[in-house]
Amino acid sequence: MNYDKKIMRKILGIASLVLVAAAVIIACRHEVPEQNMAEKCLIPLPGTITPQEGAFMLKKKTVIAVDKDNEQLLALGHYLAGLLKPATGIEFKVKTTSRLTPGGDIRLTLTNDDPDLGKEGYELSVTRRRIHIKANTPAGIFYGVQTLRQLLPPAIEKKTVQEGPWLVPAGTITDAPLYSYRGFMLDVSRHFFPPDDVKKIIDEMALFKLNRLHLHLSDDQGWRIEIKSWPKLTEVGGSTEVGGDKGGYYTQEQYKDLVAYAASRYITIIPEIDMPGHTNAALASYAELNCDGKARDLYTGTNVGFSTLCTKKEVVYKFLDDVIGEISAMTPGPWFHIGGDESHVTPMEEYIPFINRAQEIVARHGKQVIGWDEISNATPQPNTIVQFWARADNAKRAVGKGARVIMSPANKAYLDMQYDSTTTLGLHWAGYVGVDSAYIWDPATLVPGIGREQVVGVESPLWTETITNMKDLEYMVFPRLAGHAEIGWSEPARRDWNDYKVRLGNFAPRFEAMGINFYHSPLVPWKE
Ligand code: IFG
């Protein structure tokens, strides 16, 4: 072979290598589209976001590493692996190791050297080689995981394997909540929602770092929790609902399972037994709870304020002691909600001693009282929390008596309020609550005389007179609950509707990937 041919062959060989290399680089570059952590749509808005160059790519050999054999950390590692597996198709290993793994790892670390992070804060740092979530508590790690989830493409939420690449933009997020009480209330009395529905709601709450689930377990139309010492409460009181369908109830085993499921998402369940009003289901179950000794008929309508326990009979306080005792024994959370709203047929001179006595019974069972703002007419116990829903004078009276406040203003936070006049579900006695007005308010300044030091947080009640299934529930709850979650978590100075509505609009693919039937409000620029 002559010399020229040899040189030509060499040149062609090198040229083809260069072409292949270029193709690979272009392909990778294609695979690593420009990523900027600060441009991701995160809700609630984190404290600080410092973007850096590059991205971490989830790979088959990526390991989820925890520093030490902490049971909750390992459980969090498996929770994260469970979140990532369906869409990536990757079974991420969860290991206790301090060594960096070659494929890069996602490291979960409990520290106690960062007081600024408090009880629920976290630091999330991402480089090409490692994702590191640090927190003082497992709850903080859990919230860092929720932010990591939101940094991944929305398709990560899908339940079937999707095209990658699975990139997490590099940078650092330091974050901690403003309020410790960030809640959602589900009224399972007007219409009953079975345990699996409640678990779906718990998972949806977790994505937005909500940490309190208030279950409105009894009302005029239904009693929804088994009480072994008063079985007819569910046999009779749980047998129907608004509209006359069959109702239902949670057995004590199912309730305990819901409490545990919520706890695994760092959500505390708060049971409510409404009293002395909103009690027709109990009054229909046991004649002796009525002053005239006659059991009431079951009620399937939607009026309020027509019922009352007989506050003059001792058997009623035995009833309360048994009910509050059995439920408290199954509730690890510190609170018991005694309701106290709309007791329109209970004379105030009877209502006040009744509420004071109910508080004593709750305290005897080791729980702290929460009640709707009318209970401020009585004497709130030192750690009683009053839930503001309608009358500012009640809330101000409560604060004047030393109580703290959960802000649930009906015209901002009630998720059964129609969005606008076109909404076919829900009510509008407190007005229409659009996605914007649900977001544009500050719990610490809404009611003069109630400041940040008196506000423990926010809660978004969904009353279910008109809501009978998960699709309708999600339509009313989302997207407004996402905005309430941001109000509970992020500094008001950093919250701005024009910025938030863009982030919310970008959430559409994630809502869709999660199968959430959200309302496409015309006020939001929804991403297709
Ligand atoms: N007010 C009643 C609820 C429910 C609601 C519907 C409270 C505290 C109206 N009490 O809100 O039972 O009927 O929007």
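The following refers to the structure shown.

The rules we used
Residues numbered from 1 in each chain as written. Predicted model: local features only at pLDDT ≥ 70, side-chain atom pairs only at ≥ 80, totals over all residues. Heavy atoms only, no water. Pairing = 2+ DSSP bridges. Helix = DSSP H or I, 4+ residues; strand = E, 2+ residues; numbered from the N terminus. Axes fitted to C-alpha atoms, helices over the stretch in contact; angles between N-to-C directions. Contact = heavy atoms within 4.5 Å. Disulfide = S-S within 2.5 Å. Phe/Tyr/Trp six-rings, centres within 6.5 Å; stacked < 30°, edge-to-face > 60°. Buried < 20%, exposed > 50% of the residue type's maximum accessible area, 1.4 Å probe, protein only. Lys NZ or Arg CZ within 6 Å of the ring centre and 35° of its normal. 1 Å grid on protein atoms, 1.4 Å probe; cavity = no way out; pocket = protein on both sides within 12 Å on 5 of 7 lines; lining within 4 Å. Points joined across faces, edges and corners; volume = space filled by probe spheres on them. Nonpolar A, V, L, I, M, F, W, Y, C, P; charged D, E, K, R; others polar. Near = heavy atom within 4 Å. Polar contact = N/O pair within 3.5 Å; in protein donor to acceptor, adjacent residues only side chain to side chain. Areas by Shrake-Rupley, 256 points an atom, 1.4 Å probe, with all protein chains shown as cover.

## A few points about the sheet that holds strand β15 (residues 455–462)
Then, in step 1: Sheet architecture is closed into a barrel: eight strands sit in the order β8-β9-β10-β11-β12-β13-β14-β15, paired in parallel fashion. Strand-to-strand, the axes of this sheet are offset by a mean angle of 30°, without reference to chain direction.
Then, in step 2: Bridge count for strand β13 (residues 385–388) against strand β14 (residues 404–407) is four bridges, and the pairing is parallel. Bridged to Phe388 within β14 is Met407.
Then, in step 3: Against the sheet, helix α14 (residues 480–489) touches β8 (181–187) and β15, its axis set at about 170° to β15.

## What to know about the state of the cysteines
Then, in step 1: By the definition in use, this model includes one disulfide.
Then, in step 2: Residue pairing for Cys291: its cysteine sulfur links by disulfide to Cys310, the two sulfurs lying 2.1 Å apart. Residues Cys291 and Cys310 share a disulfide whose torsion about the S-S bond is about 95°; that sign makes it right-handed. Of this pair, Cys291 sits in the loop between α7 (280–285) and α8 (314–329) while Cys310 sits in the loop between α7 and α8; the two residues are 19 residues apart in sequence, bridging distant segments of the chain.

## Digging into the packing of aromatic side chains
Then, in step 1: Tallied over the full model, the rule gives 29 aromatic pairs.
Then, in step 2: Taken together, a centroid distance of 5.5 Å and an interplanar angle of 35° make the contact between Phe208 and Phe507 tilted. Placement of the pair is Phe208 in the loop between α4 (195–207) and β9 (212–216) and Phe507 in the loop between α15 (497–505) and α16 (508–513), with a sequence separation of 299 residues.
Then, in step 3: Taking the centre distance of 4.9 Å and the plane angle of 55° together, the rings of Phe518 and Trp526 count as tilted. We note that Phe518, like Trp526, is buried.
Then, in step 4: Through a chain of ring-to-ring contacts, three or more aromatic side chains come together here, namely Phe208, Phe478, Phe507, Phe511, Phe518 and Trp526.
Then, in step 5: It is Lys232 that lies over the ring of Tyr286; its NZ or CZ is 5.2 Å from the centre.

## Quick word on the layout of surface pockets
Then, in step 1: Considering only enclosed or pocket space, the largest pocket measures out at about 470 Å³ in volume.
Then, in step 2: Forming the boundary of the largest pocket are 24 residues, of which Lys119, Glu120, Ser180, Asn211 and Arg212 lie nearest the centre.
Then, in step 3: Secondary-structure elements contributing two or more residues to the lining of the largest pocket are α3 (138–151), α6 (252–264), β10 (268–275) and β15.
Then, in step 4: Classifying every residue of the lining of the largest pocket gives 14 nonpolar, seven polar and three charged.
Then, in step 5: Forming the boundary of the second largest pocket are 16 residues, of which Leu83, Arg149, Lys159, Asp203 and Met514 lie nearest the centre.
Then, in step 6: When residues of the lining of the second largest pocket are traced back to their parent elements, those giving at least two are α2 (71–88) and α4.
Then, in step 7: Take the lining of the second largest pocket: its biggest share by element is four residues, from α2.

## Let's talk about the site of the ligand
Then, in step 1: Among the 14 residues in the neighbourhood of the ligand, the closest are listed as Asp341, Tyr414, Asp416, Trp429 and Glu465.
Then, in step 2: A distance of 3.4 Å separates a nitrogen atom of the ligand from a polar side-chain atom of Glu342.
Then, in step 3: Here Asp416 contributes a side-chain N or O atom positioned 2.6 Å from an oxygen atom of the ligand.
Then, in step 4: Across the complex, the protein chains shield 97% of the 360 Å² of accessible surface that the ligand would expose by itself.
Then, in step 5: Grouping the constituent residues of the shell around the ligand by class yields eight nonpolar, one polar and five charged.

## A word on empty space enclosed by the protein
Then, in step 1: Within this structure, the stated rule accounts for one cavity of 30 Å³ or more.
Then, in step 2: Roughly 30 Å³ of volume is contained in the largest cavity.
Then, in step 3: Taken together, Trp223, Ile273, Asp274, Met275, Thr279, Ala282, Leu309, Phe319 and Leu320 form the lining of the largest cavity.
Then, in step 4: Those elements that provide at least two residues to the lining of the largest cavity are β10 and α8.
Then, in step 5: Per element, the largest residue contribution to the lining of the largest cavity is three residues, and it comes from β10.
Then, in step 6: For the lining of the largest cavity, the per-class residue count stands at seven nonpolar, one polar and one charged.

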